[in-house]
Amino acid sequence: MSDETPICSAKGCRTAAEWVLAWNNPKIHTPERRKTWLACEEHREHLSQFLGVRGFLKDVVKFSEWEEPSTP
Ligand SMILES: [Zn+2]
């Protein structure tokens, strides 16, 4: 863990992230692979929808409750 404040992944947003969006693009990632975006309260829905319409979104988790999937 770094001690830098995590920032929302939305373009141009500098707000501290509160949510972790876990996603996977089946065309380029193996099924167990998880990419993550960070989102502030304001952008959580926008980013979820962006991933959701593409069928990529797997999970939305509170940043404080997020655990990196352990790599084998
Ligand atoms: Zn944001």
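- For the protein chain, an unreviewed UniProt entry supplies the name Acetone carboxylase and the organism Streptomyces davaonensis.

So, the environment of Val 61
Reasoning step 1: Within the element layout of this structure, Val 61 appears in strand 3 (residues 57-62).
Reasoning step 2: Since 14 C-beta atoms lie within 10 Å of it, Val 61 is described here as partly exposed.
Reasoning step 3: The residues touching Val 61, leaving out its near neighbours within four places in the chain, are Val 20, Ala 22 and Trp 66.

Description of the nonpolar core
Reasoning step 1: Ranked by size, the top nonpolar core spans eleven residues in total: Cys 8, Ala 17, Trp 19, Val 20, Leu 21, Trp 23, Trp 37, Leu 38, Ala 39, Cys 40 and Leu 47.
Reasoning step 2: By residue number, the principal contributor to this core is strand 1 (residues 19-23), which donates four residues.
Reasoning step 3: In this view, Leu 38 contacts Pro 6, Ile 7, Cys 8, Ser 9, Ala 17 and Val 20; residues no more than four positions away in its chain are not counted.

The rules behind these values
- Residues numbered from 1 in each chain as written.
- Predicted model: local features only at pLDDT ≥ 70, side-chain atom pairs only at ≥ 80, totals over all residues.
- Helix = DSSP H or I, 4+ residues; strand = E, 2+ residues; numbered from the N terminus.
- Buried ≥ 20, exposed ≤ 12 C-beta atoms within 10 Å, placed from the backbone.
- Contact = placed C-beta atoms within 7 Å.
- Core = buried A, V, L, I, M, F, W, Y, C linked by C-beta atoms within 7 Å.

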